Amino acid sequence: MNSSLFNEEDKVLLLGEGNFSFTIALFKKNLNINIIATCYEAELKKTAESNVEFLRANGVQVLTNIDATKLNESVKFETKVFDKIISLMILNLIFKNC
């Protein structure tokens, strides 16, 4: 029995990545899903840069300088439909306070 949250070919949007380590972990699960990972920052730290290089080299779309509260204003998302949207900003707040 497969207990994955994801179905094959799901289009998954990850909002608010920090260093893209969550995206890498998800990618390495080999779930056969389509991932678009975003972060708010325009300039990335060194760890994030190397993670983004790995992800892009493996076909994962990574977008920087994305304000998750204004996706409707972004041309990059005009025609996109997602099966799953995961807000990592919320997760960061939850686990920061634990």
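Everything numeric here is computed off the predicted structure, so don't read it as measured data. (Residues numbered from 1 in each chain as written. Predicted model: local features only at pLDDT ≥ 70, side-chain atom pairs only at ≥ 80, totals over all residues. Heavy atoms only, no water.)

As a further point, take the packing of aromatic side chains. Under the definition given, this model contains 2 aromatic pairs. For the pair F27 and F54, a centre-to-centre distance of 5.9 Å together with 85° between the ring planes defines the contact as edge-to-face. Placement of the pair is F27 in helix 1 (residues 21-27) and F54 in helix 2 (residues 46-57), with a sequence separation of 27 residues. A relative accessible area of 31% places F54 in the partly exposed class. Judged by centre distance (6.3 Å) and plane angle (50°), the ring pair of F77 and F82 falls under tilted. F77 gets classed as buried once you look at its relative accessible area, which sits at 8%. One residue, K28, lies across the ring of F54, its end atom 5.5 Å from the ring centre. (Phe/Tyr/Trp six-rings, centres within 6.5 Å; stacked < 30°, edge-to-face > 60°. Helix = DSSP H or I, 4+ residues; strand = E, 2+ residues; numbered from the N terminus. Buried < 20%, exposed > 50% of the residue type's maximum accessible area, 1.4 Å probe, protein only. Lys NZ or Arg CZ within 6 Å of the ring centre and 35° of its normal.)

Let us now look at the pattern of salt bridges. Inspection of every chain in the model, using the stated rule, returns 1 salt bridge. Put simply, K84 and D10 hold a salt bridge, and the shortest N to O gap is 2.8 Å. Of this pair, K84 sits in strand 4 (residues 84-87) while D10 is found in the segment before strand 1 (11-15), placing the two residues 74 residues apart along the sequence. In this structure K84 comes out as partly exposed when scored by relative accessible area, which is 23%. (Salt bridge = Lys/Arg side-chain N within 4 Å of Asp/Glu carboxyl O.)

The next point concerns unusual backbone geometry. For N30, which is not glycine, the phi torsion reads 55° and is therefore positive. Relative to the helices and strands, N30 is located in the loop between helix 1 and strand 2 (34-38).

This part is about the pairing of strand 1. Across the 5 residues that make up strand 1, a large majority, 4, are buried. As defined by bridge partners, strand 1 adjoins strand 2 across 4 bridges and the pair is classed as parallel. The residue of strand 2 that forms the bridge with L14 is A37. The parallel pair strand 1 and strand 2 is bridged by helix 1, and the resulting crossover is right-handed. (Pairing = 2+ DSSP bridges. Right-handed = clockwise from strand over helix to strand, strands pointing away.)

In this structure, the largest pocket encloses a volume near 160 Å³. Lining the largest pocket we find 13 residues, and of these F27, I33, N34, I35 and V60 sit closest to its centre. Elements with a contribution of two residues or more to the lining of the largest pocket: helix 1 and strand 2. With 3 residues, strand 2 is the largest single contributor of residues to the lining of the largest pocket. Looking at the lining of the largest pocket residue by residue, the class counts come to 7 nonpolar, 6 polar and no charged. (1 Å grid on protein atoms, 1.4 Å probe; cavity = no way out; pocket = protein on both sides within 12 Å on 5 of 7 lines; lining within 4 Å. Points joined across faces, edges and corners; volume = space filled by probe spheres on them. Nonpolar A, V, L, I, M, F, W, Y, C, P; charged D, E, K, R; others polar.)

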